Each structure stands twice: as structure tokens, then as C-alpha cells.
Amino acid sequence: MLCALLGISLHLTGPARAQEVVAQAYGGRDMLVFVPSRLPPAGTRALVIVLHGGLGNARRIADKSAESGLNLNDVASGNGFIVAYLNGTPVTRFLGGKFLGWNAGGGCCGQSAKNAIDDVTYIQGAIGYLSGKYGVAPGRVYGIGHSNGAMMAQRMVCDTRIFSAIVAISGPLNIKDAHCPAASGSRILAIHGADDRNVPVAGGVGARGLSREDFNSQENSRRAFTQAGAHYALQIVPGADHFLNNLDAAILKTEGVTIAQKAAAWFGLAAN
């Protein structure tokens, strides 16, 4: 935590090469920010916000110990954009401060929802802070999340105009009876495993996982966003379950790209 408050650099080693990530603090939470050595001029830069899944945290993504499919550092290095890995708040009463979640709406998830944490305002503020510090262009902020993080990314599109495009993996828009006028003109790519038994594609209570939430369906998400004037695309991945790294492996096998590469292309930050 001390390094987060001081904003010092950390060196995280991934499979390909050493990466530099800067730990910073905003609004009482820490975040990890990857800034490539090559960037376009200040005022024209792009920022991708990464939202971990329930029981996850930013560190586990950034050092590739879990949810490594959300690690965009290599793609950002090759294409010159900034990546920020944000943290939610403790999602359980007993497991401690490393197991975090987001108040994504519809009762999801855990203590973050029960305590009515205002993650919408927090994420907006963090983006404003990062945009000012790093010279991010208006309209060039994007989001990606998995599971509870995917639900949170979609809540941001529903409630704000902060993201121009998002990639939502293994999680629907979970706001009940959602009306999303702010989503007009946004682009949403939803990726979901056909065999997901934690957060089923068709909605309902999953047979696996700790959460007993009654999740919305992907069809509900499609309807809410398309009625609002957003472009919504859903990719169902055959043979894949809820887990991000299994989805990443399946997409790499069939399409020859990782989720990180696919997301960067969806955002218009890399070639298809």
C-alpha cells in the first residue's frame, strides 16, 4: 500500500518480458497503471480501463497470476495506449481485502452491493484523474471486464458516457428493468462461454460459484442496449465455461488472437 501512495514503479515479470507498472492511489483505493515507452502526443492518447472479476483484484491481472486474459500490457506496448487496472472493494465479510468486487447493479455482488458502494462515481473520478495526468483524449476511453467486472463495465455504459466502447466477458448487464439512454452510440462486445454454469448465458442462478444471484440474460442486455441506440455484438464461445483463461484459449485456438488482441481491435486501437 505504501508504494501505491508514493506512486513508485514496480517491475512485474510476465512470460514474454519484464513489464513496468506504476502503482498509484485515487479515492482511497490503489490502482496499477501501465504506460508504454512510446505514446502519441498528449491530448491524443487512449486509455483502457480493466475491471477484475468478483473475488479478484488488479494485482492478480497485472502480474498474470489470475485472469491473465485481461492483461493488455503487451498489446498496449505494440500499439501505444495506456492501461489502468482498477480495484473494487472487499466483496465478502470474511475473506479479507484481497478479494474484491463491484456494485454492478441488480444485487451483484456481495458486500460491494449490500453496502451500496458508488463504483460508478469512483470509476468516473479515476478516469478523470488518469486522463488529466496522462493526456488522454476525450472519447478515447475504453473498458474491459470479466464476470462481475463485465457487469460493472456495462453499468458504466448504461449510466454514463465515459466509455466509447467496452468488451464484457462472462457477465451481462445486471441492472433490473434497465433503461440506458446514455448508451446511445456506444459499442459493446459481449463474449460468453456456451457452457458457463456460474453466470448462465440465458440468465438465472448459476449451478457453480459462490454467488446465488439471479442473473440477467445476455438477451436482456442486447435488448436494453440496442433499444438505447448502442451497437451490441454477442459472441458465444462453444465448449468454453465461465473462466477467463479458458475463454482466452478457445478464442486463440479458433481465431488466432488473444482476448487482449481482440479487445484492442474492437476499440480501434489495433489492426483486426
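This text goes with the structure placed above it.
Because the structure is predicted, anything quoted here is derived from the model rather than measured.

Enquirer: How do you make sense of the nonpolar core when you look at a structure like this?
Expert: For soluble globular proteins, the rule of thumb is that nonpolar side chains tend to be buried together. Grouped together as the largest cluster of nonpolar side chains are 46 residues, with contacts concentrated most on Leu47, Ile49, Leu86, Ile123, Phe163 and Phe225. With residues up to four places along the chain from it excluded, the contact list for phenylalanine 225 reads Gln154, Val157, Cys158, Leu173, Cys180, Ala183, Ile188, Ala230 and Tyr232. Grouped together as the second largest cluster of nonpolar side chains are 38 residues, Val50, Ile144, Leu247 and Ala270 included.

Enquirer: Got a minute to help me understand the packing of aromatic side chains in this structure?
Expert: How two aromatic rings sit relative to each other is given by the distance of their centres and the angle of their planes. Tallying each qualifying case throughout the model produces 4 aromatic pairs. An angle of 25° between the planes, with centres 5.6 Å apart, marks the rings of tyrosine 26 and tyrosine 129 as stacked. Residue tyrosine 26 is found in strand β2 (residues 18-26), and its partner tyrosine 129 is found in helix α5 (residues 119-134); the two are separated by 103 residues along the sequence. Note on tyrosine 129: relative accessible area 28%, which makes it partly exposed. For the pair phenylalanine 225 and tyrosine 232, a centre-to-centre distance of 6.2 Å together with 20° between the ring planes defines the contact as stacked. Across the pair, exposure class does not vary: phenylalanine 225 and tyrosine 232 are buried alike. An aromatic cluster is defined as three or more aromatic residues linked by ring pairs; in this entry it consists of Tyr26, Tyr122 and Tyr129. Its guanidinium or amino end placed over the ring of tryptophan 266, arginine 187 lies 4.0 Å from that ring's centre, counting from NZ or CZ.

Enquirer: Looking at this structure, I do not really get the pattern of salt bridges. What am I missing?
Expert: A side chain of one charge can pair with a side chain of the opposite charge if their charged atoms are brought near each other. Here the structure, examined in full by the defined rule, presents 6 salt bridges. Notably, a salt bridge pairs lysine 64 with aspartate 74, separated by 3.9 Å at the nearest N-O pair. Taken as a pair, lysine 64 in the loop between α2 (58-62) and α3 (73-79) and aspartate 74 in helix α3 lie far apart in primary sequence, 10 residues in all. Salt bridges here are not isolated pairs; linked through shared partners, they connect Glu219, Arg222 and Arg223.

Enquirer: I tried to follow helix α7 (residues 218-227) on my own but got confused; where do I start?
Expert: Every α-helical turn comprises 3.6 residues, leaving residues that sit three or four positions apart pointing alike. Those residues of α7 lying buried are Gln218, Ser221, Ala224 and Phe225. The buried residues of α7 occupy an angular sector of 125° when projected down its axis, which confines them to one face. Close packing links the buried residues of α7 with α6 (148-159), β10 (187-193) and β11 (231-237). Count one or two residues on from α7 and you reach glycine 229, which has phi positive near 95°.

Enquirer: Would you take a moment to explain the state of the cysteines for this structure?
Expert: Taken as a whole, this structure holds 2 disulfides when the rule is applied. One disulfide in the model links cysteine 108 with cysteine 109; its S-S distance is 1.5 Å. The exposure class of cysteine 108 is buried, given its relative accessible area of 0%. Across the disulfide from cysteine 158 sits cysteine 180; the S-S distance is 2.0 Å. On the sign convention where negative is left-handed, the bridge of cysteine 158 and cysteine 180, at about -80° about the S-S bond, is left-handed. You can see cysteine 158 sitting in helix α6 and its partner cysteine 180 sitting in the loop between β9 (165-169) and β10, a full 22 residues away along the chain.

Enquirer: Any chance you could explain the pairing of strand β8 (residues 136-146) here in plain terms?
Expert: In regular strands, side chains alternate between the two faces of the sheet. Counting buried positions along β8 gives 8 out of 11 residues, so the element sits mostly inside the fold. In terms of strand pairing, strand β4 (residues 45-51) meets β8 through 6 bridges, oriented parallel. Bridge pairing in β8 links valine 50 to isoleucine 144. In the sheet, β8 pairs with β9 via 5 bridges, with the strands oriented parallel. Counted as the bridge partner of tyrosine 142 is alanine 165 from β9. Handedness of the crossover joining β8 and β9 through α6 is recorded here as right-handed.

Enquirer: How should the side chain of histidine 52 be read in this particular structure?
Expert: Counting through the fold element by element, histidine 52 comes out in the loop between β4 and α2. Given the relative accessible area of 0%, histidine 52 is considered buried. Within the structure, histidine 52 has its side chain in polar contact with the backbone nitrogen of glycine 88 (distance 3.0 Å).

Criteria and cut-off values
Counting restarts for each chain, with residues numbered from 1 along the sequence as it is written. Predicted model: local features are reported for residues with pLDDT of at least 70 only, side-chain atom pairs are reported and counted for 80 or more only, and whole-chain, interface and lining totals are derived from all residues. Calculated side-chain values reflect all of the structure's heavy atoms, with hydrogen atoms and water omitted. Nine residue types can take part in a nonpolar core, namely buried Ala, Val, Leu, Ile, Met, Phe, Trp, Tyr and Cys, and a core is a set of them joined through side-chain atoms within 4.5 Å. Burial classes follow relative accessibility: with a 1.4 Å probe on protein chains only, a residue under 20% of its type's maximum area counts as buried, one over 50% as exposed, and anything between as partly exposed. In what follows, a contact means two residues having at least one pair of non-hydrogen atoms within 4.5 Å. When two rings of Phe, Tyr or Trp (its six-membered ring) have centres within 6.5 Å they constitute a pair, described as stacked for plane angles under 30 degrees, edge-to-face for angles over 60, and tilted for the intermediate range. Numbering of helices and strands starts at the N terminus; helices are DSSP runs of H or I of at least 4 residues and strands are runs of E of at least 2. Here, over-ring charges are defined by two tests on the NZ atom of lysine or the CZ atom of arginine: distance to the ring centre within 6 Å, and angle to the ring normal within 35 degrees. The salt bridge definition used is simple: a Lys or Arg side-chain nitrogen within 4 Å of an Asp or Glu carboxyl oxygen. It is the directions from the helix axis to the C-beta atoms whose arc is reported. In this description, the term disulfide denotes a pair of cysteine sulfurs within 2.5 Å. Here, a strand pair is defined by DSSP locating no fewer than two bridges between the strands. Assignment of crossover handedness uses the view with strands pointing away from the viewer, where a clockwise path from the first strand over the helix to the second indicates a right-handed crossover. Polar contact is the term for a pair of N or O atoms within 3.5 Å; when the atoms are in protein, one must be able to donate a hydrogen and the other to accept it, and sequence-neighboring residues count only if both atoms are side-chain atoms.

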